[in-house]
Structure formats: C-alpha cells, structure tokens
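The residues making up each chain are set out below.
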Amino acid sequence: MSASRCPCPGPGAVPGRLTTRDVNVRDVNFARYREECLREGIDPHTVVEGEALRTGLLRQRLDETIEGLVDDVRQRNIEAGTEEAERELLRSLQGSVQKVVQRTADKLPAADDDNQ
C-alpha cells in the first residue's frame, strides 16, 4: 500500500476528517484534473483521500452533505417566496397610499384659484 493510500491520518490530521494531501502537479493528468476542479470551484492543489474512509462513512458523509444542500434549497425557496409576498404587499401598500394622496389632492382647492 502506498503512503498516499494509507488509511491512517497523516501528521497533523484531525480524526474523523477527510485526509488530504498536496497534488502531484507533475502528473500527466494534472492539467485535466485542474480544469475539472476549477470548473467545479474546487482547489486543484489539494486532494481528498476518499480511499482513506470506510465505504459506509463516506456514504454517510455524502448523504449528510446532499441532505444539507437539499435543506438549503428548500430554505432558500421558502425565503424567496416570503420575499416575493413582502414585495407584493409593499406594491399594494404603495398603490393604496398613492390613491389616498390623489383623492386628498383632488379634494383640496387649487392653489391658483386662491391667488386670482
């Protein structure tokens, strides 16, 4: 087993966290790997050792991450709906205020009539 695939955490590793290491930039596949990482918004200079985790633990972490993202999307949709409802309420309020102001202005005597 090579050192990069060792299931034990390296020096300074935190137990229960993903094991990471620097990327071999001299590898023939680095350019393609770098482009894929950049496209996904991932740091191309750090590798996460997925093989260092038990399959069940890796699957659990993936499930938790996916569920967290789904919950984030649900929360965002709720917040977006609330924000749209608030906007509609403000539009309605603004329309009502404009009508009241217009009615009040129509009832006031014209300023020009008083000066003549």
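These notes cover the structure that comes with them. (Residues numbered from 1 in each chain as written. Predicted model: local features only at pLDDT ≥ 70, side-chain atom pairs only at ≥ 80, totals over all residues. Heavy atoms only, no water.)

**Quick word on the layout of surface pockets**
Empty space among the atoms becomes visible once a probe the size of a water molecule is rolled across them. Rules: The method works on a 1 Å grid over the protein atoms by themselves. A cavity is a set of points holding a 1.4 Å probe that cannot get out, a pocket is an open set with protein on both sides within 12 Å along at least five of seven lines, and residues with an atom within 4 Å of a point line them. Grid points are joined across faces, edges and corners, and a volume is the space filled by probe spheres set on the points. Only Asp, Glu, Lys and Arg are considered charged, only Ala, Val, Leu, Ile, Met, Phe, Trp, Tyr, Cys and Pro nonpolar, and every remaining residue, Gly among them, polar.
Each pocket or cavity is described by its volume, and for the second largest pocket that value is around 150 Å³. Every residue lining the second largest pocket is listed: Arg21, Val23, Asn24, Asp27, Asn29, Phe30, Tyr33 and Val47. A class-by-class count of the residues in the lining of the second largest pocket yields 4 nonpolar, 2 polar and 2 charged.

**Overview of the pattern of salt bridges**
Opposite charge on two side chains permits pairing when their charged atoms draw close. The condition is simple: Each salt bridge in this description consists of a side-chain nitrogen of Lys or Arg and a carboxyl oxygen of Asp or Glu lying within 4 Å of one another. The helix and strand labels rest on DSSP assignments: H or I over at least four residues marks a helix, E over at least two residues marks a strand, and numbering proceeds from the N terminus. Only protein chains enter the accessibility calculation, which uses a 1.4 Å probe; a residue whose area is less than 20% of its type maximum is buried, one above 50% is exposed, and one in between is partly exposed.
This model, assessed by the stated rule, comprises 7 salt bridges. Put simply, arginine 87 and glutamate 84 hold a salt bridge, and the shortest N to O gap is 3.3 Å. Pair noted here: arginine 87 and glutamate 84 are both in helix H2 (residues 55–107), with a separation of 3 residues, about one helical turn. The exposure class of arginine 87 is partly exposed, given its relative accessible area of 38%. Glutamate 84 gets classed as partly exposed once you look at its relative accessible area, which sits at 37%. Through salt bridges with shared partners, a single ionic network connects Glu83, Glu84, Arg87, Glu88 and Arg91.

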